[in-house]
Amino acid sequence: MRAAETQLKEVLSDVFGVEPSAIDDEASVDTIEKWDSLNHLKLVLALEERFGVSLNEEQITEMLNYPLVKAVLEEHGVEFS
Amino acid sequence: MSPSEPDTRDAVRVALDRVRTDGTYTAYLAAQNALAADPSGEPVRIAVLRNFTVEPILPVLEVELALSGLKASMYVGDFDAVAADALDPDGGLARSSPDVVILALWLEGLAPRLVGRFPSLTDDEVAAETQRVVGYVRDMLVGVRRSTNAPIIVNNFPLLGRPALGILDAQGEASQHGSILAIGRGLLGVARDMPDVFIADHLSVFANVGSSDGFDRKKWLHRRSPVGTVALAPLGREYARIIRALRGRVRKCVVVDCDDTLWGGVVGEDGPHGLALGEGPGAAYTALQRELLNLHDRGVLLAVCTKNNEADVLEVLDGHPEMLVRRSHLAAYRINWDDKASNLRAIASELNIGLDSMVFVDDSAFECGLVRESLPEVAVIHLDPAKGDLATQLTDPGWFDALITSSEDALRTAHFRAEATRRDIQSAASSLDEYLEHLGMVAEIEPASDATIPRIAQLTQKTNQFNLTTRRYTEADIRRYAESPSAEVLSMRLRDKVADLGIIAVAIVRYAGEMAEIDSFLMSCRALGRGAERVLFDEVCRRARERGCTRIGGVYLRTPKNEQVAGFYPSVGLGAEPADGPGVRFAAEIAGVRAAPSHINVVRGRHAEVVSS
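Residues numbered from 1 in each chain as written. Chains lettered and ligands numbered in written order. Predicted model: local features only at pLDDT ≥ 70, side-chain atom pairs only at ≥ 80, totals over all residues. Heavy atoms only, no water.

*Asks:* Explain the overall build of chain A here, please?
*Replies:* Per the secondary structure count, chain A includes four helices and zero strands. Helices and strands in chain A line up, N terminus first, as α-α-α-α. By the burial criterion, 47% of the 81 residues in chain A qualify as buried. In chain A, the share of contacts with a sequence separation of at least 24, taken over all contacts with a separation of at least 6, comes to 51%. (Helix = DSSP H or I, 4+ residues; strand = E, 2+ residues; numbered from the N terminus. Buried < 20%, exposed > 50% of the residue type's maximum accessible area, 1.4 Å probe, protein only. Contact = heavy atoms within 4.5 Å.)

Shown next as structure tokens:
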């Protein structure tokens, strides 16, 4: 199993069409051009598929940058070492 | 830094490969991003009117169409503005001039009480709700039809999985699930009353993925996005399959390997009696053969391509008691030690079909890779027992989807078998002319009618090689031409001593004063080489003269596939003229057109007299 961090960066890269290396703690709706509300929904669906989780609405609305996405996944038991 | 073109193509290829092998939703999203930089592909404009959040499905649709060489561009109507879009003839829908319209409806949005408060409804109210929903969809379809003649895809509705009445729902007539199915039946009736309306089968898609995983209640409630992650890809594929078929991207032939594909084991090593077939360990292969016969019955051509000694394989095909697929089912076979790419090319040319009409099925990763590399037009199915049921792997990609199961399709295989008999006649005749005389061909030419319009539309959609203009028409388009006082649609049916080929050629002609203008002139490739096209052209001229025309003309629009008809108009005596539009234009006085050869008898209309042409 590859590290959760690597997988998470891959998902964001796939959804937003940017290099995985461009995803860091600064990445957010303000820095990534394609991170708009519709692509946010696609991000949620992609995360649910990859990590086998089901996010609730509160989590969906708050995870507007990379560290918050990580935090939400951690709440679902995904471990980022 | 902007990527150079080869980089873009490379990125697209890698992304599409990932979709093929992993097929996850995330892979589709990545591929959509890669495709955004690649403008190649035949354009198809899709307008989506919807009452729910369809956007997550669209990347799957776009990528699946790209896998068939189609470049989708989307117009998506405002959320829950179906009526406004459908009923405004000057609105966004009409302005988007779509090639296909998708009416995407979620039942809970249309009938919240039927879905959410079913136990509060009386039987009469349930019946009224059911009728109201069907009536609403009919109104929307009629509205869309006023703005555009494009084909419309509307969906039926999935069952809920957990009906509100619990176990009671299954016990009575006026049940919640019963009413959802009744709406689906009503929609089908509406669709069949209107030309070019097709059903996206949400009912089957959600039955397949399961409604508890397929529905995302939370996202429906908060974001009007009801489709769960597991259903996104299958739902997008469902629409892609329909659009692919509408655009004539239909695979006509399946070429299968033998060892560990048609049967378990290796005939050259295990011998015919050591093969796994029938019950027990061979059951999976027998099931695959059953599926191949289903394709055969639907008009798909079966062929075998295997590295073996011919005698071994024919012994199994003809004599093994557990075989379902027999030699008589095969339109062609290549049993030898040549490479499979060459063999596939030979089969394509024997059957007179394009490589892009073929699907290749093999258990060997090597052979699959070789065919993918050297013949990228061929669709490849790599059978892998580790990936589950073999028969499902054959049918799941939907390569053989067609929207018209005309009896013409079933005739096709019989035709290719008859071709073998014809070859025998040919070797007995001393010249091609003599051979054609021996065939005793009869061409039946008649104006389009209700009975022939589906096949005529299908031919305009599927015919690539002998097609002067490659204009694709729907049934509704054909009907409009046929009913126009200044146009005519002719179909030609061909039979000979050996077989009935069915309707194989179409001409569409517009009459304007002295000029008879050929809009479309095409013939199925299985009727090539008999001079039949000349007979149809003769008839076009004859009818034009009857209408008082003195000149006949048309254009040749070049495509990558219709090179062979570049010289057709000159061959019948038409001369090049300056064109005022695209293509090369030809015309002539009708009196100067060369007459057709005499080996085909012409019958006009259904009860017309036989006239030797």
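And the narrative resumes.
*Asks:* Looking at this structure, I do not really get a negative patch on the surface. What am I missing?
*Replies:* All names here are of chain A. Residues Glu58, Glu62, Glu74, Glu75 and Glu79 make up a contiguous surface patch of negative charge. Along the chain, Glu62 turns up in helix H3 (residues 57-62). Overall, the relative accessible area of 34% leaves Glu62 in the partly exposed class. (Patch = residues over 30% accessible without salt bridge, like charges linked within 9 Å, V, L, I, M, F, W, Y side chains within 5 Å. Areas by Shrake-Rupley, 256 points an atom, 1.4 Å probe, with all protein chains shown as cover. Salt bridge = Lys/Arg side-chain N within 4 Å of Asp/Glu carboxyl O. Lys, Arg positive; Asp, Glu negative; His and termini not counted. Charge placed at Lys NZ, Arg CZ, Asp CG, Glu CD.)

*Asks:* Looking at this model, I keep getting lost on the packing of aromatic side chains. Mind explaining?
*Replies:* Any pair of aromatic rings gets described here by the distance separating the centres and the angle formed by the planes. Residues and elements named next belong to chain B. Applying the stated rule across the entire model yields 14 aromatic pairs over all chains. Ring geometry for Trp106 versus Phe206: centroids 5.7 Å apart, planes at 70°, classification edge-to-face. One end of the pair, Trp106, is in the loop between strand E3 (100-104) and helix H6 (107-110); the other, Phe206, is in helix H10 (residues 202-209), and 100 residues separate them in sequence. Relative to Tyr569, the ring of Phe537 lies with its centre 6.2 Å away and its plane at 55°, an arrangement referred to as tilted. Of this pair, Phe537 sits in helix H24 (residues 532-546) while Tyr569 sits in helix H25 (residues 568-571), placing them 32 residues apart in sequence. Note on accessibility: Phe537 and Tyr569 belong to one class, buried. In textbook terms, an aromatic cluster arises when at least three aromatic residues are bridged by ring pairs, as seen for Phe466, Phe521, Phe537, Phe568, Tyr569 and Phe586. (Phe/Tyr/Trp six-rings, centres within 6.5 Å; stacked < 30°, edge-to-face > 60°.)

*Asks:* Looking at this structure, how should I read the sheet that holds strand E6 (residues 253-256) of chain B?
*Replies:* Pairing between sheet strands relies on hydrogen bonds along the backbone, with the strands arranged either parallel or antiparallel. Residues and elements named next belong to chain B. Reading across from one edge, E8-E7-E6-E9-E10 is the order of the five strands in this open sheet, with parallel pairing throughout. With partners counted over all chains shown, the strands left at the sheet margins are strand E8 (330-335) and strand E10 (379-382), one partner each. Strand-to-strand twist of the sheet, defined as the mean angle between neighbouring strand axes without regard to direction, takes the value 20°. Pairing of strand E7 (residues 301-306) with E8, which is carried by five bridges, proceeds in the parallel orientation. (Pairing = 2+ DSSP bridges. Axes fitted to C-alpha atoms, helices over the stretch in contact; angles between N-to-C directions.)

*Asks:* What should I look at first to understand the sheet that holds E3(B) in this one?
*Replies:* Residue and element names in this part refer to chain B. Sheet architecture is open: five strands sit in the order E2-E1-E3-E4-E5, paired in parallel fashion. Sheet topology places strand E2 (70-76) and strand E5 (197-200) at the edges, where each strand pairs with a single neighbour. The mean angle between the axes of side-by-side strands here comes to 25°, regardless of whether they run parallel or antiparallel. The pairing of strand E4 (residues 152-155) with E5 spans four bridges and is parallel. If you follow Ile153 over to E5, its bridge partner there is Phe198.

*Asks:* Please explain the environment of Gly581(B) as it appears in this structure.
*Replies:* Mapped onto the secondary structure, Gly581(B) falls in the loop between strand E17 (575-577) and strand E18 (584-589). When the C-alpha positions of Gly581(B) and Val555(B) are compared, they lie 9.0 Å apart, and in sequence the two are 26 residues distant.

*Asks:* Got a minute to help me understand unusual backbone geometry in this structure?
*Replies:* One can expect most non-glycine residues to show negative phi and most peptide bonds to be in trans. Residues and elements named next belong to chain B. Residues other than glycine seldom take positive phi values, yet Asp196 does so here, at roughly 60°. Assignment of secondary structure puts Asp196 in the loop between helix H9 (176-193) and E5. Classification of Asp196 as buried rests on a relative accessible area of 8%. Backbone geometry places Asp260, a non-glycine residue, at a positive phi of 60°. Its place among the elements puts Asp260 in the loop between E6 and helix H14 (267-270).

*Asks:* Can you help me understand the state of the cysteines in this one?
*Replies:* Throughout this description, disulfide means a covalent bond between two cysteine sulfur atoms. Residues and elements named next belong to chain B. One pass over the structure, following the stated rule, counts zero disulfides over all chains. This cysteine, Cys258, is not joined by any disulfide, and Cys305 carries the nearest cysteine sulfur, 8.8 Å off. Taking relative accessible area as the criterion, Cys258 reaches 0% and is therefore assigned buried. (Disulfide = S-S within 2.5 Å.)

*Asks:* How do you make sense of the interface of chain B and chain A when you look at a structure like this?
*Replies:* Buried accessible area, meaning the area lost when the parts come together, often serves as the stated size of an interface. Facing 21 residues of chain B, the contacting portion of chain A comprises 21 residues. In total, about 1800 Å² of surface goes out of reach between chain B and chain A, with carbon and sulfur atoms giving 58% of it. Connecting chain B to chain A are three salt bridges. A salt bridge links Lys219(B) to Glu48(A), with the nearest nitrogen and oxygen atoms 2.8 Å apart. The class makeup of the residues in the side of chain B that touches chain A is seven nonpolar, eight polar and six charged. (Buried area = accessible area lost by both parts, 1.4 Å probe. Nonpolar A, V, L, I, M, F, W, Y, C, P; charged D, E, K, R; others polar.)

*Asks:* Can you help me understand the pattern of salt bridges in this one?
*Replies:* Evaluation of the coordinates by the stated rule reveals 40 salt bridges over all chains. Measuring nitrogen to oxygen at the nearest pair gives 2.8 Å for the salt bridge that ties Asp14(A) to Arg18(B). Here Asp14(A) is found in helix H1 (residues 4-16), whereas its partner Arg18(B) is found in helix H1 (residues 5-22) on a different chain. One salt-bridge network, in which partners are shared between bridges, spans Glu488(B), Glu539(B), Arg542(B), Arg543(B), Glu546(B) and Arg604(B).

*Asks:* Just checking my understanding: could you explain the packing of helix H2 (residues 37-51) of chain A against helix H2 (residues 25-35) of chain B for this structure?
*Replies:* For the pair H2(A) and H2(B), the least separation of the axes is 9 Å and the interaxial angle reads 140°. Considered as vectors, H2(A) and H2(B) are oriented oblique to each other. Residues Lys42(A), Leu45(A), Ala46(A), Glu49(A) and Arg50(A) of H2(A) touch H2(B), and the partners they reach there are Tyr25(B), Thr26(B), Leu29(B) and Gln32(B). A class-by-class count of the residues in the contact of H2(A) with H2(B) yields four nonpolar, two polar and three charged. (Parallel < 35°, antiparallel > 145°, perpendicular 65-115°, else oblique.)

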